[in-house]
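# Breakdown of the fold
Below, each chain spelled out in residue letters.
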Amino acid sequence: MRLAAVEELAKGWKDEPWLFELLRARALNDPFVREKDWQNNPRQLALHIIIKQYPNHPQTLPLLCDRAENDPDEQVRNFAQNKLAQLEN
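Residues numbered from 1 in each chain as written. Predicted model: local features only at pLDDT ≥ 70, side-chain atom pairs only at ≥ 80, totals over all residues. Heavy atoms only, no water.

## Overview of the environment of Glu 7
Take Glu 7: it is sitting in helix H1 (residues 2-12). Classification of Glu 7 by relative accessible area gives partly exposed; the value is 35%. For the pair Glu 7 and Arg 34, spaced 27 residues apart in sequence, the C-alpha separation works out to 18 Å. (Helix = DSSP H or I, 4+ residues; strand = E, 2+ residues; numbered from the N terminus. Buried < 20%, exposed > 50% of the residue type's maximum accessible area, 1.4 Å probe, protein only.)

## Brief notes about helix H5 (residues 74-88)
Its 15 residues give H5 an end-to-end C-alpha distance of 21 Å, which sits within 8% of 21 Å, the value for a rise of 1.5 Å per residue. Buried within H5 we find Val 76, Phe 79, Ala 80 and Leu 84. The buried residues of H5 occupy an angular sector of 135° when projected down its axis, which confines them to one face. Looking at H5, the residues exposed on the side facing more than 90 degrees away from the buried face are Glu 74, Gln 86 and Glu 88. Those residues of H5 that are buried lie in contact with helix H3 (42-53) and helix H4 (60-70). (Expected span 1.5 Å × (residues − 1). Arc of directions from axis to C-beta. Contact = heavy atoms within 4.5 Å.)

## As for the nonpolar core
The tendency in soluble globular proteins is for nonpolar side chains to be buried as a group. Ranked by size, the top nonpolar core spans 19 residues in total, and within it Val 6, Leu 23, Leu 47, Ile 49 and Leu 64 carry the most contacts. Listed by contribution, the elements that provide at least two residues to this core are H1, helix H2 (19-29), H3, H4 and H5. Tallying contributions element by element places H3 first for this core, with six residues. If near-sequence neighbours (up to four positions away) are discounted, Ile 49 is found in contact with Val 6, Ala 10, Leu 23 and Tyr 54. (Core = buried A, V, L, I, M, F, W, Y, C linked by side-chain atoms within 4.5 Å.)

As structure tokens, then:
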């Protein structure tokens, strides 16, 4: 449910100034715990949307670095690490 909400907010409200902070809060604080490998994590989706829609926001890179080191979900950490590697190239 939270995953769908994040997707819809990003589509319908992408030009709203408050959306970055909402997505950042999801990327940092969503309580999702992966039970199956195929499940999608709302924190990862929020991070993906932030990278796509706000690549030059001053908080995007620090958030990405934080998630690469500190997210409790290994898949989110790997996603963030891969995105950081892409940005370095």
